[in-house]
Amino acid sequence: MARKFLVGGNWKMNGSKQLVDTLVKALNEGKWSPNVECVIAPPAPYLAAVRAAVRKEVGVAAQNCWTEGKGAFTGEISTEMLKDLNIDWVILGHSERRSIYKESDELVGKKVAAAVKADLKVIACCGESEGERDAGKTTEVVFRQIKAIADQLSAADWANIVIAYEPVWAIGTGKVATPQQAQEAHKEIRGWLAKNVSKDVADATRILYGGSVSAKSAPDLQKEEDIDGFLVGGASLKDKEFLEILNCRQ
Ligand code: G2H
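Keep in mind that this is a model prediction, so the values were computed, not measured. Here the residue index of a chain counts from 1 through its sequence in written order. Residues qualify for local features only when their pLDDT is at least 70, as the model is predicted, and side-chain atom pairs are given and counted only at 80 or more; totals for whole chains, interfaces and linings, by contrast, use all residues. Water and hydrogen atoms play no part in the side-chain values, which are based on all heavy atoms of the structure.

Take the packing of helix 1 (residues 17-29) against helix 11 (residues 239-246) next. For any two helices packed against each other, the geometry comes down to the angle between their axes and how far apart the axes lie. Between N-to-C directions, angles cover 0 to 180 degrees, with each direction set by a line fitted to C-alpha atoms, over the stretch in contact for helices. Under the DSSP-based scheme used, a helix requires at least four consecutive residues in state H or I and a strand at least two consecutive residues in state E, with every element numbered from the N terminus. Orientation of helix 1 relative to helix 11, taken along the N-to-C sense of each, is 35°, at an axis distance of 9 Å. The element helix 1 and its partner helix 11 pack so that their crossing is right-handed. Touching Thr22, Leu23, Ala26 and Leu27 of helix 1 are Asp239, Phe242, Leu243 and Leu246, all from helix 11. A per-class count over the contact of helix 1 with helix 11 returns 6 nonpolar, 1 polar and 1 charged. Take the far helix as your reference; a near helix turned counterclockwise from it by less than a right angle gives a left-handed crossing, and one turned clockwise gives a right-handed crossing. Two residues form a contact once any of their heavy atoms are found within 4.5 Å. Under this grouping Gly is polar, as are all residues other than the nonpolar Ala, Val, Leu, Ile, Met, Phe, Trp, Tyr, Cys and Pro and the charged Asp, Glu, Lys and Arg.

Structure follows, in structure tokens:
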């Protein structure tokens, strides 16, 4: 079965009521192929407003969640709360969570398992730093991050997982991986899934590329066989450019 192309917009800690209005209006009025799925991830305070305002075909994602349904976890967001707000998706393991908030591979794995158990779909991120790439450790790092997630999941759970490969050196830097670099990493990830989970899961799981994706770089990146979409940061805050990226695929 063909993997449906997915374009995610990770707003990170950006936005305001005004920006929500602008971006939601652009998506509600904008057009793109029915073969392209769109998911946007506004900051937590805007989730409910975005879900209520944006058209229903657009998925809405949280940028993080905790492992428990409720309790004494000051400042955290529970999977139950996301479901209560009709939020369908959550981004987990983003490199900013891993590096700034010291989220370990194990914690990311537990969060992914909790989210899937709560019936959320997950964009699970992985990616190597520049030093790790230079040291020839790209696959070692990425496989370790994915294994920590796979260890927590059954084969059936993978129907709700999308992987985002986001090399840290390309995030917010304007330094995009070349289509060949991204394709090579995506192919390795799919190979790891085939070997360690199953061939069916490897064939069906979407692998997004993230890291300074723009309207300029998207058309060439989307041509690669194992690139099934994008997780877009900075350019997802620009209404016209995000629509252009959604339209890079027909
Ligand atoms: C990577 C990406 C979105 P940007 O973090 O997840 O952000 O496109 O700004 O590099």
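If you walk around this closed barrel you meet the 8 strands as 1-2-3-4-5-6-7-8, and the pairing is parallel. Going from strand to strand, the sheet's axes swing by 25° on average, the running direction of each strand aside. One bridge is not enough; two strands pair if DSSP finds at least two bridges between them. For strand 1 (residues 5-10) and strand 8 (residues 229-232), the ladder comprises 4 bridges, and the chain directions are parallel. Paired with Val7 across the strands is Phe230, a residue of strand 8.

Let's shift gears to the layout of surface pockets. Grid points spaced at 1 Å and placed over the protein atoms alone form the basis of the search, with a cavity being a set where a 1.4 Å probe fits but cannot get out and a pocket an open set showing protein on both sides within 12 Å along at least five of seven lines. Lining residues have an atom within 4 Å of a point. Grid points are joined across faces, edges and corners, and a volume is the space filled by probe spheres set on the points. For the largest pocket, the calculated volume is near 510 Å³. Taken together, 20 residues make up the lining of the largest pocket; nearest its centre are Met13, Gln63, Asn64, Arg97 and Tyr101. Ranked by residues supplied to the lining of the largest pocket, first place goes to helix 4 (residues 95-100) with 3 residues. Looking at the lining of the largest pocket residue by residue, the classes come out as 11 nonpolar, 5 polar and 4 charged.

A few words on the nonpolar core. Side chains of nonpolar character tend, in soluble globular proteins, to be buried together. In this description, a nonpolar core means a group of buried Ala, Val, Leu, Ile, Met, Phe, Trp, Tyr and Cys residues linked to one another through side-chain atoms lying within 4.5 Å. The buried label applies to any residue whose accessible area, calculated with a 1.4 Å probe on protein chains only, is under 20% of its type's maximum; exposed applies above 50%, and partly exposed to all values in between. If you look at the biggest cluster of nonpolar residues, it comprises 65 residues, and the most contacted ones within it are Ile40, Val112, Tyr209 and Phe230. When residues no more than four places from it in sequence are discounted, the contact partners of Tyr209 are Tyr165, Pro167, Ala170, Val176, Ala177, Ala182, His186, Leu221, Ile227, Gly229, Phe230 and Leu231.

Another point: helix 1. Here the expected span of a helix is defined as 1.5 Å times the quantity of residues minus one. Over its 13 residues, helix 1 extends 18 Å from the first C-alpha to the last, a length consistent with the 18 Å expected when each residue adds 1.5 Å. Looking at helix 1, one finds that the buried residues are Val20, Leu23, Val24, Ala26 and Leu27. Buried residues of helix 1 fall within an arc of 155° about the axis and therefore sit on the same side. Exposed residues pointing more than 90 degrees away from the buried face of helix 1 are listed as Lys17, Gln18, Asp21, Lys25 and Glu29. Contacts made by the buried residues of helix 1 are with strand 2 (36-41), helix 2 (47-53) and helix 11. As used here, the arc belongs to the directions running from the helix axis to the C-beta atoms.

Below, the discussion takes up the side chain of Glu166. Within the secondary structure layout, Glu166 lies in the loop between strand 6 (161-165) and helix 8 (179-196). We treat Lys and Arg as the positive residues and Asp and Glu as the negative residues; His and chain ends play no part in the count. A pair is scored as a salt bridge if a Lys or Arg side-chain nitrogen falls within 4 Å of a carboxyl oxygen belonging to Asp or Glu. Buried within the structure, Glu166 lacks any salt-bridge partner; its nearest side chain of opposite charge belongs to Lys12, at an N-O separation of 6.0 Å. Beyond its immediate chain neighbours, meaning those up to four positions away, Glu166 contacts His94, Cys125, Cys126, Gly127, Ile171, Gly210, Gly211 and Leu231.

That's the geometry; what it means functionally is another story.
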